[in-house]
Amino acid sequence: MDNKDNNVLYDPETFGKTKKSSSQLVYELNNPTIKHEDEKPEIKTEEIKKKSPKRNYSVIIIIILVIVILLVSYIVYDKVIKDILNNNSSSLSEEQAIVVKELDNIVESELFILDDKLKYDDITNQDLLWLVSSNLKKDNQLLEFSGTTAKEYFNTTSFSRLNIINTSIYCYTSIIEKNNHIMWEYNKNKDIYSYVEVEHNNIVIEKVLRKVVDFKVMMDDKYIISFKNVFKNKDNNFYGSYIDALNNVNELIVDIKEEDINNYFNINYDAIKDKLSTYTYTFEKTDNGYKLIDYIVE
């Protein structure tokens, strides 16, 4: 078939894209520097060499800045961030204040069973069973519970990194004095704990002051919180540790009226703080709450 314009040539490489007349093609052949519309601009190697160093320097600067920011963040979080001795919580973020409150509640509601211990390894199966039974017995009508219930409840506590073995449970006085006075008798065949209806002696040692003196946020969701306490025994004498109160040694000599106890120790804390033992707890945050992983009294 004849074309209507014999002066227009069809280039197979650009068919459907660009129509060129014979005069245009002749001109381009005589002027090889002319670029076709479809040709990409040539990138010179020298230009690449000139641009690359600037790009590399930018990446290095960004990496250095990220490292510096991470280091500063870690240092800030690893320092002591609260001193409750002076009720100074200004350095705490809202989230950190919530953590301190949660840990303080755990120490008060569960970790009181450690007051007569000096370290984490001193925790016994009887201590853990007594905690379980005392919390389940908050319902004073409770006279029985199963071993399965005991283990299920134990797994909700801050001690659940440890394990309990179901066996008869001694009263708290017996645990400390080691006289084997059973409070809950365990029937292994029935997997049932039954309350023993007898009079149980109590050791009257009261914690009259509990102060957070140190709080640290560590890596890997770990928290360290330390307390100083003042204990009062049945003779209304005051001591800087539970063990001292139990053994009536190292009494704190104070002139104090019963109704002024808390106020007195808050006002005069600086004068007695060196005589008080430090109770330090290390927790790890998990999906199931805070779990105790270490404990020491110094």
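Residues numbered from 1 in each chain as written. Predicted model: local features only at pLDDT ≥ 70, side-chain atom pairs only at ≥ 80, totals over all residues. Heavy atoms only, no water.

K.L.:
Can you help me understand the pairing of strand E8 (residues 222–232) in this one?
P.N.:
In regular strands, side chains alternate between the two faces of the sheet. Taking burial as the measure, the 11 residues of E8 include 9 buried ones, the bulk of the element. With 10 bridges joining them, strand E7 (residues 206–217) and E8 adopt antiparallel strand pairing. For Arg210, the partnering residue across the bridge sits in E8 and is Asn229. The antiparallel hairpin formed by E7 and E8 contains 4 residues in its connecting segment, where Asp220 sits at a positive phi of about 60°. Examined bridge by bridge, E8 and strand E9 (residues 238–239) share 2 bridges and lie antiparallel to one another. The residue of E9 that forms the bridge with Lys232 is Phe238. Here E8 folds back onto E9, and the loop between the two strands holds 5 residues, one of which, Asn236, carries a positive phi near 65°. (Buried < 20%, exposed > 50% of the residue type's maximum accessible area, 1.4 Å probe, protein only. Helix = DSSP H or I, 4+ residues; strand = E, 2+ residues; numbered from the N terminus. Pairing = 2+ DSSP bridges.)

K.L.:
What am I meant to see in the sheet that holds strand E6 (residues 192–195) here?
P.N.:
As a general point, the strands of a sheet are linked pairwise by backbone hydrogen bonds and lie either parallel or antiparallel. Read from one edge to the other, the open sheet built from 4 strands follows the order E3-E6-E5-E4, with strand pairing classed as antiparallel. The open sheet has two edge strands, strand E3 (144–146) and strand E4 (169–170), and neither has a second partner. One ladder, built from 2 bridges, connects E4 with strand E5 (residues 182–187); its direction is antiparallel. Each bridged residue has a counterpart across the sheet, and for Tyr170 the counterpart in E5 is Ile182. Each of E3, E5 and E6 touches helix H5 (residues 147–154); the most contacted strand, E3, lies at about 75° to it. (Contact = heavy atoms within 4.5 Å. Axes fitted to C-alpha atoms, helices over the stretch in contact; angles between N-to-C directions.)

K.L.:
Help me understand the pattern of salt bridges in this model?
P.N.:
As a working rule, side chains carrying opposite charge can pair if their charged atoms are close by. Taken as a whole and judged by the stated rule, the model has 10 salt bridges. Among the salt bridges present, the one from Asp115 reaches Lys207, with a minimum N-O distance of 3.4 Å. With Asp115 in the loop between helix H3 (94–109) and helix H4 (125–136) and Lys207 in strand E7, the pair connects residues that are 92 residues apart, well separated along the chain. Taking the relative accessible area as the measure of exposure, Asp115 reaches 6% and is therefore buried. When its relative accessible area of 25% is taken as the criterion, Lys207 is described as partly exposed. As a salt-bridge pair, Arg161 and Glu284 come within 3.0 Å of each other at their nearest N and O atoms. Of this pair, Arg161 sits in the loop between H5 and E4 while Glu284 sits in strand E11 (residues 278–286), and the two are 123 residues apart along the sequence. Residue Glu284 is classed as buried on the basis of its relative accessible area, which comes to 18%. (Salt bridge = Lys/Arg side-chain N within 4 Å of Asp/Glu carboxyl O.)

K.L.:
How should the confidence of the model for the chain be read in this particular structure?
P.N.:
Reading fine detail from the predicted coordinates is not recommended where pLDDT is low. In this model, the chain carries a mean pLDDT of 78, and residues with pLDDT of at least 70 account for 67%. Ignoring residues within four places in sequence, the model shows residues 1–18, a span with pLDDT below 50, making 16 contacts including any to other chains. Long-range and interchain partners of residues 72–88, a stretch whose pLDDT sits below 50, account for 30 contacts in this model, where long-range means more than four residues apart. (pLDDT = per-residue confidence, 0-100.)

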